[in-house]
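So the chains spell out like this:
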Amino acid sequence: MTTTLAEGVVDASGAASAAWLLLALPALGAAVLLIGGRRTDKWGHLLGSGTVIAAFALAVVTFFGTDFAQQHNLHLWDWISVNQLVIDFGLRIDALSITFVLLITGVGSLIHIYSIGYMNHELRDRRRFFAYLNLFVSAMLLLVLGNSFVTLYFGWEGVGLASYLLIGWYQGKDFAATAAKKAFLMNRVGDVGLALAIFLMFKNFGSTQYTEVFAAVGDAPTGLIVAIGLLLLLGACGKSGQFPLQAWLPDAMAGPTPVSALIHAATMVTAGVYLIARSSPIYSLPQAADARLVVMIIGAVTILIGCVIGCAYDDFKKVLAYSTVSQIGYMILAVGLGPAGYAFGILHLITHGFFKAGLFLGAGSVMHAMNDEGDIRRLGGLWKKMPITFWTWTLGYLALIGFPFLSGFFSKDEIINAALGQEGPRGWIFGGVALLGAGLTAFYMTRLLILVFLGKARWTGLKSADGKDYHPHESPTTMTVPMIILAVGSVAGGFILSMVLPDFLVPAIGEVQETHGALSHTMVGILAVAISAIGAGIAYLIFGRSEQPVERPQRVTFAVRAARADLFGNHLNEALFARPGTWLTRALVYVDNRGVDGLVNGIAAGLGGSSGRLRRTQTGFVRSYALSMLGGSILVVAALLVVRFA
Amino acid sequence: MSAALILAQDLAQQSATLSTGEAVAFWVLGPVALAGGLGMVFARNAVHSALFLVMTMLSLGCLYIVQQAPFLGLVQIVVYTGAIMMLFLFVLMLVGRDASDSVVEVLRGQRLWAGVLGVGLAVLIVAALARSLEGVSDQGLAEENAATGPGNVGNIGRLIFTDYLFPFELTSALLITAAVGAMILGYVDRHTRGRKTQKELVEARFRGEHDRPSPLPGPGVFATSHSVATPALLPDGSVAPESLSRLIDSTAADKLDAERKSVAGTGPQAESRALAPREEEAE
Amino acid sequence: MTPTYYLLLSALLFTIGAVGVLVRRNAIVVFMCIELMLNAVNLTLVTFARLNGDLHGQVMGFFVMVVAAAEVVVGLAIILSIFRTRRTASVDDSNLLKY
């Protein structure tokens, strides 16, 4: 399987040789918009959307014009060349990267169009918003197209920057600034892992090019492979909001909703999945079994964390964010399964990209109509006011909970099946977690649907935070059209993709390894649907039949309280890292002030003091100077005499 | 110690070479010169110091003559003692006559250390002389000063204008420079201070080059006292602050405030009813 | 009696002059002490001339006198101008150049 990677790499030709344009177009858009400043206010959003749509068109052309049985390498220029460290700036166009490119540019285009409508409240800054979005798209494309881990790292940091800028979009608000900082810092934790993995690769394999690294890993010792695998996983956890670095992703919802949809649901947060899938030749090695197990555990833990917390939150976008966390947990679990799961992880990534982007855009549409109200307890009964939003959202919802023959059904069931297919108790544990997660997902998504769109309109008579009445209305066409397209994708995408994608990806990540668990594939499908139906049913029984209070109930069980507090994830982070960090810093500051500064200042003070005392000899009295001159002369004469006569 | 012994041996060896006349001259003039030096250092009055120095110089001049240096001896007496020391005296009369030194030494340890170092210097020089004069014989200047030849003055002149011509010419430059320097240091141009005429001053005042066009008000105008510490009063009875010098403590103004107020009529007044007859008396 | 006594006398005068420079405060007296030191040196030169039977020492003494004359002129002018500005002839009062 790994042999397909080392061989079959050819220089790019034809449409693939123009792949650099994919990066260049959005980068150019970002540059023009950022440098052009206010002058581009009028048409900035059009340029921003245009570059991404053009990139999408180019991606489609590349997709159809290239033979993906092989991997195409496009060398652009020598990038870093220091002694042994030679890194080309090059692109790698293969089945995996083109899949991601199509997702990024496709969903990206839709969200750019949506943003034109969504950001029309902020005309003055809309241009900058589109510049950042373009920057993000460019960096994300570099991440998936780069042909070495260093180019990937470049794009990785680029999307981190764009994410930081966009989370902190509402700069004036404290929570946005804090959330941006939090995201940036927690991402850095993961980035350290990725960077260390890259260092290890260079140290041991002498290169960071995919082809050379993957050709060399086969002979590497187990310890090295496990180390690299775990470090890469750390990077993936940081970027994809996986346990234990999941806390930043819900806070990242402080950014505008299109950002949440594009970056924090559909594309950037899946970079970790891409990283592990791209590194599949490493993870597939027999030496990497332990690393793979850790990947699976992380994925499974994250599924449960995301689902449990998602059940407790009352914030529309944060529920979706925790849903994203748990869905990415599915993907990580899938790619952790090894050859049995890579393709399904990617499949779920694509379908999730569609329906989660659609769900976020629906949420954005609702908030756009409701004066940015995100508290679902203050919504309700909106299906009549916003029919298009309601129906597209419902389709996304059905896709997510795995309604039969919608996209989530195909992708998630494959993952559950593959997890159950593991040998021994592992299969039962991971499969069980995946099934439980499916039920919980159905539960909290149904709760969301009922509280937002169905039931009584609890917002009548309430006022929003800025003191206005609520006047819900359907969103403009630029917003509804992308939602409709994404809804169509959510419905149909899974079926089509599950047919073609695993085979298409074979040259990049290898054959799908059939698994045969205790249950047959059909049985698993029925079981999953049944569990989802039970979850949804319970949610209906709890939330659908009785009136929900506008204020969130305070007298709740410990479990709910824990879930509301992010299962104490933030407390854990603070206790484990923030406070010891603060203490360490304080201690270091103390040592620095007293020790280092004390030494330096002590020397200075000693010199100054002794100079001050020596200074006293400069009395200004000529006669004391004359005295010392006479003394000096006597010394000199005495010395001369001693030399002369003694 | 050994140095002194060697020196004594030397003296014993060479004592035969000196004539008795010269010995007498030395033993008279030497102590006088030494006494003059000590007197100069220890005399409280600067003029006395100068006179003691004159005494030393005269003796030294005589000693030069005794030592077969008649030209230098006469120059010492005429130029050094006659001219330079008189210059000293002139300047003393101009400047330092009153400034007799106080007995108290302000620099701690100065006198002690000066004495220690002086003794050390003397010991060093004596030791050096004793070691270096070992075996030196007295050549005498009989030939150079022979009456038959050009003599002492003639020979010195020949040396100055032959071997030492260039240094001699340099001394002329030195003397001219010194003369010019002394002129520059001593010259005071009273006209460059730029005293203005009254007319110029008035014009400058009204052009605003001074703080105010008029002179400051004098103290004591309308005041209760002739003291300069008493501020002038303005026609409304208030204090004119400019009339008080900043150098004078103005508490006098505060002290006199009550008096000033009574003069100005702004102080506490007797009630008008005080003059009216009491009611019971009226009845 | 030998010429060495002259040198001894000269050494004593020089030392007296040096100590005088150190202990006297009146600038003019200090200056006179310097003159005394110069004279002591002159006596040495004259004595050396006689010991060597050579007039060069006397010529050197002559030059010392010339230089001393120039020095006195300039030095006294400086003392005068200091006195004019600071109203003092004490070397201890001109002590602005200090820490």
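For the structure, see preceding data.
Residues numbered from 1 in each chain as written. Chains lettered and ligands numbered in written order. Predicted model: local features only at pLDDT ≥ 70, side-chain atom pairs only at ≥ 80, totals over all residues.

Student: Explanation requested: unusual backbone geometry in the structure shown.
Tutor: One can expect most non-glycine residues to show negative phi and most peptide bonds to be in trans. Omega for the bond connecting Phe243 of chain A with Pro244 of chain A falls within 30 degrees of zero, at 5°, which places this linkage in the cis form. By the secondary structure assignment, Pro244 of chain A is in the loop between helix 9 (222-240) and helix 10 (248-251). Unusually for a residue other than glycine, Phe405 of chain A sits at a positive phi of about 75°. Among the secondary structure elements, Phe405 of chain A is positioned in the loop between helix 17 (387-401) and helix 18 (407-420). Under the C-beta neighbour-count criterion, Phe405 of chain A is labelled partly exposed, with 13 such atoms within 10 Å. Although it is not a glycine, Gln68 of chain B adopts a positive phi angle of roughly 65°. Relative to the elements of secondary structure, Gln68 of chain B occurs in the loop between helix 3 (46-66) and helix 4 (70-96). When the 21 C-beta atoms within 10 Å are taken as the criterion, Gln68 of chain B is described as buried. (Helix = DSSP H or I, 4+ residues; strand = E, 2+ residues; numbered from the N terminus. Buried ≥ 20, exposed ≤ 12 C-beta atoms within 10 Å, placed from the backbone.)

Student: How should I be thinking about helix 8 (residues 198-206) of chain B in this particular structure?
Tutor: Every α-helical turn comprises 3.6 residues, leaving residues that sit three or four positions apart pointing alike. Counting buried residues in helix 8 of chain B gives zero out of nine residues, a small share hidden from the surface. Just beyond helix 8 of chain B, the residue with positive phi is Gly208 of chain B, at close to 90°.

Student: Where do I start with the nonpolar core in this structure?
Tutor: Considering soluble globular proteins, one finds that nonpolar side chains tend to be buried as a cluster. Leu333, Ala357 and Ala434 of chain A are the most contacted members of the largest nonpolar core, which totals 205 residues. When residues of this core are assigned to their parent elements, the largest contribution, 16 residues, is made by helix 16 (residues 342-369) of chain A. Filtering out sequence-adjacent residues up to four positions away, Ala357 of chain A remains in contact with Val107, Ile111, Ala261, Leu262, Ala265, Ala266 and Leu486 of chain A. Leu627 of chain A, Val66 of chain B together with Val19 and Val91 of chain C belong to the second largest nonpolar core, which has 83 residues in total. (Core = buried A, V, L, I, M, F, W, Y, C linked by C-beta atoms within 7 Å. Contact = placed C-beta atoms within 7 Å.)

Student: Is there a simple way to think about helix 5 (residues 110-132) of chain B in this case?
Tutor: For helix 5 of chain B, built from 23 residues, the straight-helix expectation of 33 Å at 1.5 Å per residue is met to within 8% by its first-to-last C-alpha distance of 32 Å. Within helix 5 of chain B the residues assigned to the buried category are Ala114, Leu117, Gly118, Leu121, Leu124, Ile125, Ala127, Leu129 and Ala130 of chain B. (Expected span 1.5 Å × (residues − 1).)

Student: Any chance you could explain the interface of chain C and chain B here in plain terms?
Tutor: Interface size is commonly expressed as the accessible surface area that is lost when the partners come together. Counting residues at the interface gives 63 residues for chain C, matched by 75 residues for chain B. Listing elements by their share of the side of chain C that touches chain B, those giving two or more residues are helix 1 (4-23), helix 2 (27-52) and helix 3 (56-86) of chain C. Sort the elements by how many residues they give to the side of chain C that touches chain B and helix 3 of chain C lands first, with 21 residues. When its residues are assigned to classes, the side of chain C that touches chain B shows 43 nonpolar, 15 polar and five charged. (Nonpolar A, V, L, I, M, F, W, Y, C, P; charged D, E, K, R; others polar.)

Student: Whenever I open this one, the sheet that holds strand 2 (residues 71-82) of chain A confuses me. Can you help?
Tutor: Backbone hydrogen bonds are what pair the strands of a sheet, in a parallel or an antiparallel way. All names here are of chain A. Judged by pairing direction, the sheet is mixed, and its three strands sit side by side in the order 1-2-3 without closing on themselves. Two strands lie at the open edges of the sheet, namely strand 1 (9-11) and strand 3 (85-93), each paired on one side alone. With strand direction ignored, the average angle separating the axes of adjacent strands in the sheet is 50°. Note that strand 1 and strand 2 share three bridges and pair parallel. Each residue of the ladder has a partner; that of Val10, found in strand 2, is His72. (Pairing = 2+ DSSP bridges. Axes fitted to C-alpha atoms, helices over the stretch in contact; angles between N-to-C directions.)

Student: I tried to follow the interface of chain B and chain A on my own but got confused; where do I start?
Tutor: On the chain A side, the residues contacting the 11 residues of chain B number 11 residues. Residue classes in the side of chain B that touches chain A are distributed as eight nonpolar, two polar and one charged.

Student: I tried to follow the pairing of strand 2 of chain A on my own but got confused; where do I start?
Tutor: Consecutive side chains along a regular strand alternate between the two faces of the sheet. All names here are of chain A. Relative to strand 3, strand 2 is paired through nine bridges, and the arrangement is antiparallel. Residue pairing for strand 3: Trp77 is matched across the bridge by Phe89. Hairpin connection between strand 2 and strand 3: a loop of two residues separates the two successive antiparallel strands, and Asn83 in this loop has a positive phi of roughly 50°.

Student: Explain the environment of Gly306 of chain A to me, please; I cannot follow it from the model alone.
Tutor: Tracing the chain through its elements places Gly306 of chain A in helix 14 (residues 289-312). Spatially, the C-alpha atom of Gly306 of chain A lies 8.8 Å from that of Gln246 of chain A, the residues being 60 residues apart in sequence.

Student: Please clarify how the environment of Leu87 of chain B should be interpreted in this entry.
Tutor: Looking at where Leu87 of chain B falls in the secondary structure, it is placed in helix 4. Leu87 of chain B gets classed as partly exposed once you count the C-beta atoms within 10 Å, which come to 14. Beyond its immediate stretch of four places on either side in the chain, Leu87 of chain B contacts Val72 and Leu76 of chain C.

Student: Teacher, can you tell me more about the packing of helix 9 of chain A against helix 12 (residues 271-278) of chain A here?
Tutor: Between two packed helices, what matters for the description is the angle formed by their axes and the separation of those axes. All names here are of chain A. Running from amino to carboxyl end, helix 9 crosses helix 12 at an angle of 155°, the nearest separation of the two axes being 7 Å. Considering the angle they form, helix 9 stands roughly antiparallel to helix 12. In this structure, helix 9 uses Leu232, Gly235, Ala236, Cys237, Lys239 and Ser240 to contact helix 12, whose residues at the interface are Ala271, Gly272, Val273, Leu275 and Ile276. (Parallel < 35°, antiparallel > 145°, perpendicular 65-115°, else oblique.)

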